[in-house]
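Structural features, examined
As a plain string of letters, each chain reads:
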Amino acid sequence: MGKTLFDSPSFANHEGVHAVFDEKTGLRAIIAVHSTARGPAVGGTRMWNYASSAEALEDVLRLSRGMSYKNAVADLEMGGGKSVIIGDSRTQKTPELFQAFGRAVDTLGGIYYAAEDVGVSVADIAEARKVTPWVLGLNDGPEASGDPSPVTAEGVFRSTLTVARRLWKQDDLTGLTVALQGIGHVGGYLADKLHAAGAKLVMTDVNTALLSEVAARTQAEIVAPDAIYDVKADIYAPCALGATLNPQTLERLTVKAVVGAANNQLATPEIGRMLFERGVLYAPDYVINGGGIINVASELKARETGGAYDPAWVESKLSRLMETLEEILERAAVEKRPTHEIADAIAEARINAARDKKAEQLKAA
């Protein structure tokens, strides 16, 4: 008998996994709700041409659990969830497809809020908003938080400075080389910030036109996508898809630190331990790329209170997140444990505390 969903290591105690199909629009989607202990599950929607539905399921489960941890570490009153739409975002998008997706989200009654992610734009989310209130990351209205990418980039940039202070005892990035993989939504903003802080950039992306444009304005060297791992650099910044830290690439990297915006950078948790044993400082992905979800959380907060998007609240949460990163790096050094294990422990403690409190309240009621 084949393995079931519950046997998958990525299942990781999900509260619910919903497979969605709409014959008229061809929508095939999976919505995964990992945890609602700290509040409604919030996480982006990714549209990707997966090779199989099993691959889509594996991705959504990993991403969903990651959102629970990311939201907890960012100290947000939100749980974790994620959705994936199976299809080619360049050729198969229609307004009707996203309205069908919106109707699917609506059936969950507010336990999950969808936002944009790889292959999905703010305009796509606006289509879903026509049929459900349970979406975030809008461009209009007083609570609208708009594109979360600049805030994500700011968090990753501040994390890079934090790492530079720790490893090289300097307050900027002068003299340091950063190998930047992916200059899409977040990577482009990050490239500008790194360049302004004095870093020498070596970058790659599959979008060669965009790559030339960003490289020109940041005086960056361009390399082929696979060559980025062989660059003699101080910092590797993965800002494209996940799992680029794996047994094959680990042999090739010569960097002292990994600080990037991509989700799920470690192919397996063991890779985090291997980085640690090699003396490479890994800034845990879901900690340092939490700026975007903090931005989205401000929209949820504004909607719940009838207020407006509050940049000062976003800034306070981002500063708090940087303090958490400092705590993780310090504890990792003192306890001689990999940073991703410390981050997971902090996230799990916060999620479990919220779940226990919720259980007590239900008992009392």
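To keep things clear, this report deals only with the structure shown in the data block. This structure is a prediction, so every number in the text was calculated from the model and none was measured.

1. Overview of the environment of L190
As for its placement among the helices and strands, L190 is situated in helix α5 (residues 185-196). Residues L190 and A261 lie 71 residues apart in sequence; the distance between their C-alpha atoms is 8.9 Å.

2. A word on the sheet that holds strand β4 (residues 79-86)
One open sheet accounts for five strands, arranged β1-β2-β4-β3-β5; its pairing is mixed. In the strand order of this sheet, the two ends are held by β1 (16-22) and β5 (112-116), each with one partner. Strand-to-strand twist in this sheet, taken as the mean axis angle between neighbours without regard to direction, amounts to 25°. Sheet analysis places strand β3 (residues 41-48) next to β5, joined by five bridges and oriented parallel.

3. Quick look at unusual backbone geometry
Phi is mostly negative for residues that are not glycine, and the peptide bonds are mostly trans. The backbone phi angle of N13 is positive, close to 60°, even though this residue is not glycine. Checked against the element boundaries, N13 lands in the segment before β1. Given a relative accessible area of 67%, N13 falls into the exposed group. In this model, Q219 sits at a positive phi of 50°, which is unusual for a non-glycine residue. As for its position among the elements, Q219 is in the loop between α6 (208-218) and β8 (221-222).

4. Topic: the sheet that holds strand β10 (residues 257-258)
Taken in spatial order, the six strands of this open sheet run β8-β7-β6-β9-β10-β11, and their pairing is parallel. The open sheet is flanked by β8 and β11 (281-282), the only strands paired with a single partner. The pairing of strand β7 (residues 200-204) with β8 spans two bridges and is classified as parallel. Counted as the bridge partner of V202 is E221 from β8.

5. Topic: the pairing of strand β2 (residues 27-35)
Regular strands place side chains that alternate from one sheet face to the opposite one. By the criterion of burial, β2 is predominantly enclosed, with eight of the nine residues buried. Bridge count between β1 and β2: seven bridges; the pairing is antiparallel. Of the residues in β2, the one forming a bridge with V17 is A32. Taken together, β1 and the strand that follows it, β2, pair antiparallel across an intervening segment of four residues, in which G26 is found at a positive phi of about 80°. Where β2 lies against β4, six bridges are found, and the strand directions are antiparallel. Residue pairing in the sheet places I30 in a bridge with V84 of β4.

6. Focus on helix α4 (residues 149-168)
A rise of 1.5 Å per residue sets the reference length of α4, with its 20 residues, at 28 Å; its end C-alpha atoms lie 28 Å apart and thus fit the reference within 8%. The buried fraction of α4 amounts to 14 of the 20 residues, a majority that puts the element mostly inside the structure. Phi turns positive, to about 55°, at K169, one or two residues after α4.

7. Notes on the packing of helix α2 (residues 95-106) against helix α3 (residues 122-129)
Viewed as axis vectors pointing N to C, α2 and α3 meet at an angle of 55°, and their least axial separation amounts to 7 Å. When the axis of α2 is compared with that of α3, the two are oblique. Of the two possible hands of crossing, α2 and α3 adopt the one that is right-handed. Across the interface between the two elements, P95, F98, Q99 and G102 from α2 touch D124, E127 and A128 from α3.

8. Examining the pairing of strand β6 (residues 177-181)
Counting buried residues in β6 gives five out of five residues, a clear majority hidden from the surface. Side-chain alternation along β6 places T177, A179 and Q181 on one buried face and V178 and L180 on a second face that is also buried. Relative to β7, β6 runs parallel, the two being bridged by five bridges. From the neighbouring strand, A179 faces β7, where its bridge partner is V202. Once the chain exits β6 it traverses α5 before rejoining the sheet at β7, and the crossover so formed is right-handed.

Rules behind the numbers
Residues numbered from 1 in each chain as written. Predicted model: local features only at pLDDT ≥ 70, side-chain atom pairs only at ≥ 80, totals over all residues. Heavy atoms only, no water. Helix = DSSP H or I, 4+ residues; strand = E, 2+ residues; numbered from the N terminus. Pairing = 2+ DSSP bridges. Axes fitted to C-alpha atoms, helices over the stretch in contact; angles between N-to-C directions. Buried < 20%, exposed > 50% of the residue type's maximum accessible area, 1.4 Å probe, protein only. Expected span 1.5 Å × (residues − 1). Parallel < 35°, antiparallel > 145°, perpendicular 65-115°, else oblique. Left-handed = near helix turned anticlockwise from the far one by under 90°. Contact = heavy atoms within 4.5 Å. Right-handed = clockwise from strand over helix to strand, strands pointing away.

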